[in-house]
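Per-entry structural report
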Amino acid sequence: MKLIVIGAEGTIGTAVCNELAARHEIIKVGRNSGDIHADIADRESLEAMYRETGKVDAVVSAVGSVHFAPLTEFTEEQFMLGLTNKVMGQVNVVLAGIDYVTDGGSFTLTSGVLDRDPIRSGTGAATANGALGGFVVGAAIEMPRGLRINVVSPGLLQASAKKYEGFFPGHEPVSSERVGLAFAKSVEGAITGQVIIVE
Ligand SMILES: NC(=O)c1ccc[n+]([C@@H]2O[C@H](COP(=O)([O-])OP(=O)(O)OC[C@H]3O[C@@H](n4cnc5c(N)ncnc54)[C@H](OP(=O)(O)O)[C@@H]3O)[C@@H](O)[C@H]2O)c1
């Protein structure tokens, strides 16, 4: 298969590429990294990305920014980051890409653990993650040409545990290998409309 991986050089994107690169051709995308540059916050740059790649068999999005802050200190603008970037950015990866994915191909998005196992200061992330779960459930039944769509919802990765030290008390970090397998299940398997939990 020919795959786009947006965020390919990030922590989750690396896990995806390590699992899938031996079996598939991967086009890596980032704002400043990868083979092609695009920003999920900019719909036009996503359209330009798809024009450059042409038809692909699968699209993986392993990106999305959210703001972390105590609930009572959140500004509307900070809260909107999760909704405009992590949610709408990944929704636009799908909306801009439908005509570029071959029949029976797939989109796989990324959410995270915080809408089912919350931490302090994580409301923005929890809200975005829940919205992404709703999006794939709703979109799956309307996808044309047998296209599939899922979202992978990983726990804190072992590779990120140091970076978030102290923020996830009691959480058991998950391996990059298991996260990579969850993406393989979506890209190479047959499921659709699923939130694929890794914990
Ligand atoms: N790490 C974890 O433990 C974990 C667990 C659960 C969920 N998640 C979620 O997974 C997503 C990715 O997390 P991560 O830890 O892998 O992040 P990361 O290590 O910071 O990597 C993000 C990657 O995406 C690219 N990127 C960032 N913003 C972009 C944009 N607007 N458009 C296109 N590319 C962009 C970056 O490259 P450029 O700088 O070149 O753009 C980078 O390669 C986030 O939504 C996060 O909430 C992470």
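Shown above is the structure to which this text applies.
Since we're looking at a predicted model, the values are computed, not measured. (Residues numbered from 1 in each chain as written. Predicted model: local features only at pLDDT ≥ 70, side-chain atom pairs only at ≥ 80, totals over all residues. Heavy atoms only, no water.)

Taken together, 25 residues form the shell around the ligand, and within it Ile12, Arg31, Ser33, Asp39 and Gly64 come nearest. Within the contact set of the ligand, a nitrogen atom lies 2.8 Å away from a side-chain nitrogen or oxygen of Asp39. Lys86 has a polar side-chain atom sitting 3.0 Å from an oxygen atom of the ligand. Of the residues belonging to the shell around the ligand, the class tally is nine nonpolar, twelve polar and four charged. (Near = heavy atom within 4 Å. Polar contact = N/O pair within 3.5 Å; in protein donor to acceptor, adjacent residues only side chain to side chain. Nonpolar A, V, L, I, M, F, W, Y, C, P; charged D, E, K, R; others polar.)

All right, on to the sheet that holds strand S1 (residues 2-6) then. Ordered in space as S3-S2-S1-S4-S5-S6-S7, the seven strands form an open sheet in which the pairing is parallel. Lying at the two open borders of the sheet, with one neighbouring strand each, are strand S3 (36-37) and strand S7 (195-198). The pairing of strand S5 (residues 101-110) with strand S6 (residues 148-154) spans five bridges and is parallel. From the neighbouring strand, Ser106 faces S6, where its bridge partner is Arg148. Set on the sheet, helix H4 (residues 123-140) makes contact with S5, S6 and S7; between it and S6 the angle comes to about 160°. With respect to the sheet, helix H5 (residues 176-188) is in contact with S1, strand S4 (56-61), S5, S6 and S7, its orientation differing from that of S5 by roughly 150°. (Pairing = 2+ DSSP bridges. Helix = DSSP H or I, 4+ residues; strand = E, 2+ residues; numbered from the N terminus. Contact = heavy atoms within 4.5 Å. Axes fitted to C-alpha atoms, helices over the stretch in contact; angles between N-to-C directions.)

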